[in-house]
Amino acid sequence: MRRFGRMVKHALIWPLVAVLLYLAAAALGGLIPGRVAEVAPGEGAPVEIGLIAGPIHYDFILPATPETRAALAFAAEGGVPIDAPGVAHVLVGWGSAGFYTTAGSYADVAASTVLRAATGDSSVLRVEVYGPLPAALDYPRLSLSPGQYRALLAFIVASRSGPAVEGAGFSDTDAFFAARGRFHLLRTCNTWITDALRAAGHPAGAWTPTPYAVTLSLWWHG
C-alpha cells in the first residue's frame, strides 16, 4: 500500500512540476530578446496597432486602412466584409484548427481536441472585422513605422496557406483560413504574435507560448 501511495503521489506531482517548469520557461522566454528583422522605416505617419488578449490567446487588432484592406482582401472569399464602409478595425489571429475553431465556451472543447492541440495540430488564420471600438476598451497598443506595418501585413498574409474552412466561424463577420505551420505546446497562437512582431522589426521575446509571456514581452521590450 505504501508503494502504491508513492506511485500515486509521483503521478500527481510530476505533471504539476512539468506545468510549473513550462510556465517558468515561458516567462523567461518573454524576457529574452528574440532575433528582430531589419526593416526599413519607410515614409509616412506611424501606424498604431493593438493586441487583444483573451484567457489563453492574443490577437492583433489592425486599423482598417486601405493598405490593410488590400493585404487582407482574401478574407472576402470567406464572407468577411473586409471592404464594408463601416469597418474600422480588423482582428487577426492564428491557432490550432481543432481548438481555435470550436464554437462556444472552453468547456465545450473536447479533451481529445485539447490533446491534439498540445501535441500537434494543423493551424488556421482567423480574420474578423469590427466597427469603432468602445472608447473605454483598454488594450496594449504599439506604434509601427510604415515599413514595419507593411512587413507585419506580409507576415500575416504569408501565414495563410489555403481557402476558408467550411462551417467554421464565431460570427457573421469572421472566417477561418487554412494556415501554415503546426500548432503545439512549443508553437502556440501566442508565439505567432511575437514571431510576427519580430518579423516586422519590433522587439519581442524569443519564446512566448502563453498570454502572460506575451504581456511580459510587451512590457520588457517596450
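Scroll up to find the structure.
Residues numbered from 1 in each chain as written. Predicted model: local features only at pLDDT ≥ 70, side-chain atom pairs only at ≥ 80, totals over all residues. Heavy atoms only, no water.

Undergrad: Would you mind going over the pairing of strand 7 (residues 174-183) with me for this structure?
TA: Every regular strand shows the same layout, with side chains that alternate between the two sheet faces. One ladder, built from seven bridges, connects strand 4 (residues 121-130) with strand 7; its direction is antiparallel. Across the sheet, the residue bridging to L125 is F177, located in strand 7. Relative to strand 7, strand 6 (residues 160-164) runs antiparallel, the two being bridged by two bridges. Counted as the bridge partner of A164 is F177 from strand 7. (Pairing = 2+ DSSP bridges. Helix = DSSP H or I, 4+ residues; strand = E, 2+ residues; numbered from the N terminus.)

Undergrad: Would you take a moment to explain a nonpolar patch on the surface for this structure?
TA: A cluster of nonpolar residues, L16, V19, L20 and L23, forms a patch on the protein surface that exposes about 370 Å² of accessible area. Turning to its location among the elements, L20 is positioned in helix 1 (residues 2-31). For L20, a relative accessible area of 51% translates into the label exposed. (Patch = residues over 30% accessible without salt bridge, like charges linked within 9 Å, V, L, I, M, F, W, Y side chains within 5 Å. Areas by Shrake-Rupley, 256 points an atom, 1.4 Å probe, with all protein chains shown as cover. Salt bridge = Lys/Arg side-chain N within 4 Å of Asp/Glu carboxyl O. Buried < 20%, exposed > 50% of the residue type's maximum accessible area, 1.4 Å probe, protein only.)

Undergrad: What exactly am I supposed to notice about the pattern of salt bridges here?
TA: Where charged atoms from two side chains of opposite charge come close, those side chains can pair. Under the criterion given, the structure shown has five salt bridges. Residue E128 pairs with R126 through a salt bridge whose shortest N-O separation is 2.1 Å. In this structure, R126 and D174 form a salt bridge, with 2.9 Å as the shortest nitrogen-oxygen distance. Placement of R126 in strand 4 and of D174 in strand 7 is noted, with a sequence separation of 48 residues between them. Its relative accessible area of 5% is what places D174 among the buried residues.

Undergrad: Before we go on, may I ask you to explain the packing of helix 6 (residues 189-199) against helix 7 (residues 211-220) in this structure?
TA: Geometry of a packed helix pair, given as the angle between the helix axes and the separation of the axes. For the pair helix 6 and helix 7, the least separation of the axes is 8 Å and the interaxial angle reads 25°. Between helix 6 and helix 7, the angle falls in the class roughly parallel. For the pair helix 6 and helix 7, the sense of crossing is left-handed. Mapping the contact onto sequence places N190, I193, T194 and L197 in helix 6 and P211, V214, S217 and L218 in helix 7. Of the residues contributing to the contact of helix 6 with helix 7, the split by class is five nonpolar, three polar and no charged. (Axes fitted to C-alpha atoms, helices over the stretch in contact; angles between N-to-C directions. Parallel < 35°, antiparallel > 145°, perpendicular 65-115°, else oblique. Left-handed = near helix turned anticlockwise from the far one by under 90°. Contact = heavy atoms within 4.5 Å. Nonpolar A, V, L, I, M, F, W, Y, C, P; charged D, E, K, R; others polar.)

Undergrad: Explain the packing of helix 5 (residues 146-159) against helix 6 to me, please; I cannot follow it from the model alone.
TA: Helix 6 packs onto helix 5 with a crossing angle of 135° between their chain directions and a minimal axis gap of 8 Å. Comparing the axis directions of helix 5 and helix 6 gives the class oblique. As for how helix 5 packs across helix 6, the hand of that crossing is right-handed. The residues of helix 6 that touch helix 5, namely those facing A151, L152, F155, I156 and S159, are W192, D195, A196 and A199. The residue makeup of the contact of helix 5 with helix 6, split by class, is seven nonpolar, one polar and one charged.

Undergrad: Teacher, can you tell me more about the sheet that holds strand 1 (residues 47-53) here?
TA: Within a sheet, each strand pairs with its neighbour through backbone hydrogen bonds, oriented either parallel or antiparallel. Strands sit in the order 5-1-2-3-4-7-6 across an open sheet of seven strands; the sheet is antiparallel. Unpaired on one side and paired on the other, strand 5 (141-144) and strand 6 mark the two borders of the sheet. The average undirected angle you get between the axes of adjacent strands in this sheet is 25°. Where strand 1 lies against strand 2 (residues 58-63), four bridges are found, and the strand directions are antiparallel. Following the sheet pairing, L51 is matched in strand 2 by F60. Along the sheet, helix 5 contacts strand 1, strand 2, strand 3 (89-96), strand 4, strand 5, strand 6 and strand 7; its crossing angle with strand 2, the most-contacted strand, is approximately 125°. Relative to strand 2, helix 7 is tilted by about 50°, and along the sheet it contacts strand 1, strand 2 and strand 5.

The quantities given are spatial measurements derived from coordinates; they are silent on function.
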